[in-house]
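# Chain and residue survey
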Amino acid sequence: MSVFAVTYAYAPEPERLDAVRPEHRAFLGGLHDAGSLVVSGPLRPPAGEAGTGGALILLEAADADAATALLDADPFRREGLLAEVSVREWVPVIGSLGR
């Protein structure tokens, strides 16, 4: 299995993001419980910039297509709240995430 860094850029709809966030987090919790999600969390907008931010999600998957497929049912995706998604293989060299 490889590790994939997935970044989300959120749509500029903070009220809708807030409304769907509990379901989104429950979905990601299920991926964690299943052993696919290593860690996830929000990315704040850069200092001095307005915006809704995004997220960084680290997944273990066979390939980029499998990593993408894991997130197909994300409520943020279903509700059209993702302005941009990037999936890249990440090769940790130093450190540990406690896996």
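Just above sits the structure.
Residues numbered from 1 in each chain as written. Predicted model: local features only at pLDDT ≥ 70, side-chain atom pairs only at ≥ 80, totals over all residues. Heavy atoms only, no water.

## Examining the overall build of the protein
Note the cut-off: Runs of E in the DSSP output that reach at least two residues are strands. Runs of H or I that reach at least four are helices, and both are numbered from the N terminus. Throughout, radius of gyration means the C-alpha value; the globule benchmark is 2.2 Å times the number of residues raised to the power 0.38. Only protein chains enter the accessibility calculation, which uses a 1.4 Å probe; a residue is then buried when its area is under 20% of its type maximum, exposed when over 50%, and partly exposed in between.
Per the secondary structure count, the protein includes 3 helices and 4 strands. Counting helices and strands in the order they occur from the N terminus, the protein gives β-α-β-β-α-α-β. Over its C-alpha trace the protein gives a radius of gyration of 14 Å, about what one expects of a compact globule, namely 13 Å for 99 residues. Considered along the principal axes of its C-alpha atoms, the protein spans approximately 35 × 30 × 20 Å. Per-residue burial for the protein yields a buried fraction of 30% across its 99 residues.

## Quick word on the sheet that holds strand β3 (residues 54-61)
This is how the line gets drawn: For two strands to pair, DSSP has to find at least two bridges joining them. Geometry is summarised by axes, namely lines fitted to C-alpha atoms with helices restricted to the contacting stretch, and by angles between N-to-C directions that run from 0 to 180 degrees. The contact definition used throughout considers only heavy atoms, calling two residues in contact when any of these lie within 4.5 Å.
Strand order across the open sheet formed by 4 strands is β2-β3-β1-β4, with antiparallel pairing between neighbours. Among the strands making up the open sheet, the edge pair consists of β2 (37-43) and β4 (82-90). Pairs of neighbouring strands in the sheet enclose a mean axial angle of 15°, with direction left out of account. Each of β1 (2-10), β2 and β3 is contacted by helix α1 (residues 14-33), which is oriented at about 160° to β2, the strand it contacts most.

## Overview of the pairing of β3
Across the 8 residues of β3, 6 count as buried, placing the element largely inside the fold. Relative to β3, β2 runs antiparallel, the two being bridged by 6 bridges. When the bridges of β3 are listed, glycine 41 appears paired with leucine 56.

## Considerations on the nonpolar core
Rule in force here: Residues belong to one nonpolar core when they are buried, are Ala, Val, Leu, Ile, Met, Phe, Trp, Tyr or Cys, and are joined through side-chain atoms within 4.5 Å.
Counting 19 residues, the largest nonpolar core has Tyr8, Leu59 and Leu71 as its most contacted members. Of all elements in the fold, only β1, α1 and β3 reach the threshold of two or more residues within this core. When residues of this core are assigned to their parent elements, the largest contribution, 5 residues, is made by α1. The contact partners of leucine 59, leaving out residues within four places of it in the chain, are Ser2, Val3, Phe4, Val6, Leu31, Ser36, Leu37, Val38, Ala67, Leu70 and Leu71.

## Looking at the side chain of histidine 24
Mapping histidine 24 onto the fold places it in helix α1. Residue classification places histidine 24 among the buried residues on the basis of a relative accessible area of 5%. The contacts of histidine 24, once residues within four sequence positions are left out, are Tyr8, Tyr10, Asp74, Pro75 and Phe76.

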